[in-house]
Amino acid sequence: MTDPAIQIEGLRFAWKGSEPVLDVPAFTLARGERLFLRGPSGSGKSTLLGVIAGVLVADAGRVNVLGHELGSLSSAARDRMRADHLGVIFQMFNLVPYLSVVGNVTLPLKFSGRRRRIVGGDADAEARRLLGRLGLTDEALLARRVSDLSVGQQQRVAAARALIGGPEIVIADEPTSALDSDARDRFIELLSEEAARTGAALLFVSHDASLARLFDRSVDLAEINRARVSA
Amino acid sequence: MRAILSLAWKSLMNRKGSVILTLVAVALSVALFLGVEKARTGAREGFGNTISGTDLIVGAPTGTVNLLLYSVFRMGNATAEVSWPTYEKLAARPDIAWTVPISLGDSHRGFRVLGTTDAYFDHYKYGRGQALVLAKGERFKDVFDAVIGADVARELGHEIGSPLVLSHGLGTANLDGGHENRPFRVVGILAPTGTPVDRTVHVSLEAITAIHVGWETGAKNPLSDSIDETMIRSFDLTPKSVTAIFVGLAQKGTILTTRRAINTNKGEPLMAIIPGAALAELWSVTAFAERALMAVSVFVIAVGLVSILTSILTSLNERRREMSILRAVGARPGHIFALLVLEAGLVGFLGALAGIGLIHAILLVAGPMVEAHYGVSLAGTGPGLTDLYTLLAVTLAALVIGMVPAWAAFRRSLADGLSVKL
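Residues numbered from 1 in each chain as written. Chains lettered and ligands numbered in written order. Predicted model: local features only at pLDDT ≥ 70, side-chain atom pairs only at ≥ 80, totals over all residues.

All right, on to the sheet that holds strand 8 (residues 201-206) of chain A then. Whether parallel or antiparallel, the strands of a sheet pair through hydrogen bonds between backbone atoms. Residue and element names in this part refer to chain A. Ordered in space as 6-7-8-3-9, the 5 strands form an open sheet in which the pairing is parallel. Looking along the sheet, the strands with just one partner apiece sit at the ends: strand 6 (86-89) and strand 9 (217-220). Strand-to-strand twist across the sheet, computed as the mean angle between neighbouring axes with direction ignored, equals 15 degrees. Lying over the sheet, helix 8 (residues 181-198) contacts strand 3 (34-38), strand 7 (169-173) and strand 8, oriented at roughly 155 degrees with respect to strand 8. (Pairing = 2+ DSSP bridges. Helix = DSSP H or I, 4+ residues; strand = E, 2+ residues; numbered from the N terminus. Axes fitted to C-alpha atoms, helices over the stretch in contact; angles between N-to-C directions. Contact = placed C-beta atoms within 7 Å.)

The following block contains the structure:
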């Protein structure tokens, strides 16, 4: 349990036939840490998250997630790693349209035996509990089609999904950019609380530097990424 | 895999509108295919069941198919006849249980006239051993009595007691070739059989002789019109020859030896055929048309399957986001692949199931009508192995076809990573 959640050394990544977008000498996320990663759009932050999530493979360098060298894992093992240990929240359109609210929250359990075991018997009850903690308790609301929810409600469903089954790392990619400032602060507060409760490290990515005050630590991607990326 | 199957199901339910259209396309194509298949099987069985219970058909030497055609299907003409004494010798053979002599060559307004004996009604069987049944009236007793088939009665509007004028030869024209002075009377009408019996006018062998009094030279003797009914009755009306003979054996086991004995008959040459074998030979002539029909209906199914492909392919773009969400929560590219393949398979399976249900509903309603009208029995075409195989084949084909969009989504899910900007 002494390995950091994420440790990156000498990471380099370029899309096929283009200039490198990532050249990160060092980056660390401690376990349980709540880190704000600031980066304007086009700064390569989505690419970095793809590499950490094991969907993209670095050209060079070490990417260590929870003690596992991603570079030495097969793609299936990286997929399993992501399923078991990572929760992801996107900027928007987080939900699978044909699943219910609860169905969306329990979706990761279908792909991860580990998270299924942690949740135990009643997955739906755990989903409702998480949704409740994030302020979604209204049964009528839960019965709605996910596309009928407001953006803020959708993002909270996505947060519940990222948290279910206690993954060690929660990655949030601009999850609040579509929210107004009140909803935004409230969302980050709830997300942080729940991450702290489950002991998950939170990697929160946004272009909005004003949010940095809500986190333990703040890192500017432009400072750690030596690759010059045009926006 | 169960999780993916449930996802596939929910995804389909979410797109009910377009999915139902695709289902309908698949269902209709499968129903058409099975309809053609069942009609074909029914027709083939009906054809094979045109005559049953008869072990051998004996006639003057000719082709196998030819003998079958004129004796059973009343098509074409006999080139030669079998003389009465030869027939009597044949009938007396100890290995032969019964014989039904038939005499053809005349017609009534386009329907063939068949001269035969009472034994015809006892021994001529069709289908699965069904005997001829009189719907109305009785068998012929008098020389000028006729028993007509169901189609003859229906098409010509004949009833019991209707007079019939037979014509010499097979044309419908009655110009100077008529047997007007030999008026026949309908005494019986047979129930429909779906066989050529329906289109036949049955009279006694003596009647055939009688109507040809005065025609011995092959053309009408000008004096023949002066011979009236009572004179004819006083003649010896024993036929001089018959066209063919249906034979029932005393023991089925002797079929080959009896056949050989007849084929090598000393004196007048004869030919014996086994009806089942001859029917199979005749049916094989139609195999080409049958295969063409099958090919067409298989292509219709292919069209149905392509509609599955189209509907999934067109949905892929709008589902790109969904795929990347699934990837983010831990779905492997293989899961994405399986999801789309299963969706296609589900549509194929459900479509085929609906198609099978549809065709059986149609058969249930229309089957009895078809049987009554055309005599083609669609019974025995209830849900069977053909339906099961079709269901499996369509589902399998849909799964295979589903690999096309699945592969596209698989490739894309690898390239897109986690972040799809829409």
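On to the pairing of strand 3 of chain A. Residue and element names in this part refer to chain A. In terms of burial, strand 3 is largely enclosed, as 5 of its 5 residues are buried. Residues Arg-34, Phe-36 and Arg-38 point to one face of strand 3 and Leu-35 and Leu-37 to the other, with burial holding for every one of them. The pairing of strand 3 with strand 8 spans 5 bridges and is classified as parallel. By the bridge assignment for strand 8, Leu-37 is matched with Val-205. Pairing geometry for strand 3 and strand 9, over 4 bridges, is parallel. Paired with Phe-36 across the two strands is Ser-218, which belongs to strand 9. (Buried ≥ 20, exposed ≤ 12 C-beta atoms within 10 Å, placed from the backbone.)

A word on the sheet that holds strand 5 (residues 68-69) of chain A. Residue and element names in this part refer to chain A. With antiparallel pairing, the 4 strands of this open sheet are ordered in space as 2-1-4-5. Two strands close off the open sheet at either side, each with one partner strand: strand 2 (20-29) and strand 5. Two elements, strand 4 (residues 60-65) and strand 5, share 2 bridges in a ladder whose sense is antiparallel. Across the sheet, the residue bridging to Asn-64 is Glu-69, located in strand 5. Sitting on the sheet, helix 1 (residues 45-52) touches strand 1 (6-14), strand 2 and strand 4, and the angle it makes with strand 1 is about 120 degrees.

This brings us to unusual backbone geometry. The phi dihedral of A:Glu174 falls on the positive side, at around 50 degrees, and the residue is not glycine. Its location among the elements puts A:Glu174 in the loop between strand 7 and helix 8. The class for A:Glu174 is partly exposed, based on 19 C-beta atoms found within 10 Å. In this model, B:Arg74 sits at a positive phi of 55 degrees, which is unusual for a non-glycine residue. Within the fold, B:Arg74 resides in the loop between helix 3 (64-71) and strand 2 (82-83).

Let us look at helix 7 (residues 151-163) of chain A. Residue and element names in this part refer to chain A. Under the 1.5 Å per step criterion, the end-to-end length of helix 7 is 18 Å for 13 residues, consistent within 8% with the ideal 18 Å. Most of helix 7 sits inside the fold, with 11 of its 13 residues counted as buried. Listed in full, the buried residues belonging to helix 7 are Gln-153, Gln-154, Gln-155, Arg-156, Val-157, Ala-158, Ala-159, Ala-160, Arg-161, Ala-162 and Leu-163. At the exit of helix 7 stands Gly-165, carrying a positive phi of roughly 75 degrees. (Expected span 1.5 Å × (residues − 1).)

Once that is clear, we can look at the interface of chain A and chain B. At the interface, 23 residues of chain A touch 18 residues of chain B. At the level of elements, helix 1 and helix 2 (75-85) of chain A are the ones that each hand at least two residues to the side of chain A that touches chain B. The element that contributes the greatest number of residues to the side of chain A that touches chain B is helix 2 of chain A, accounting for 4 residues. Residue composition of the side of chain A that touches chain B, by class: 15 nonpolar, 4 polar and 4 charged. (Nonpolar A, V, L, I, M, F, W, Y, C, P; charged D, E, K, R; others polar.)

Moving on, we get to the packing of helix 3 of chain B against helix 10 (residues 275-285) of chain B. Angle between the axes and distance between the axes: these two values describe a pair of packed helices. All names here are of chain B. Following both chains from N to C, one finds helix 3 and helix 10 inclined at 100 degrees, their axes separated by 9 Å at the closest point. The pairing of helix 3 with helix 10 is recorded here as roughly perpendicular in orientation. Residue-level inspection shows Thr-64, Val-65 and Leu-68 of helix 3 in contact with helix 10, the latter providing Pro-275, Ala-278, Leu-279, Glu-281 and Leu-282. Looking at the contact of helix 3 with helix 10, its residues break down into 6 nonpolar, 1 polar and 1 charged. (Parallel < 35°, antiparallel > 145°, perpendicular 65-115°, else oblique.)

Formed by 110 residues in total, the largest nonpolar core has its most connected members in A:Ala160, A:Ile171, A:Leu202, A:Leu203 and B:Val30. With 14 residues, the top contributor of residues to this core is helix 13 (residues 333-374) of chain B. Not counting the four nearest positions on each side in its chain, A:Leu203 is found in contact with A:Leu29, A:Leu35, A:Leu37, A:Ile169 and A:Ile171. With 59 residues, the next largest nonpolar core counts B:Leu90, B:Val100, B:Leu190 and B:Ile208 among its residues. (Core = buried A, V, L, I, M, F, W, Y, C linked by C-beta atoms within 7 Å.)

This part takes up the environment of A:Val151. Turning to its location among the elements, A:Val151 is positioned in helix 7. As for A:Val151 and A:Phe27, which are separated by 124 residues in sequence, their C-alpha atoms are 32 Å apart.

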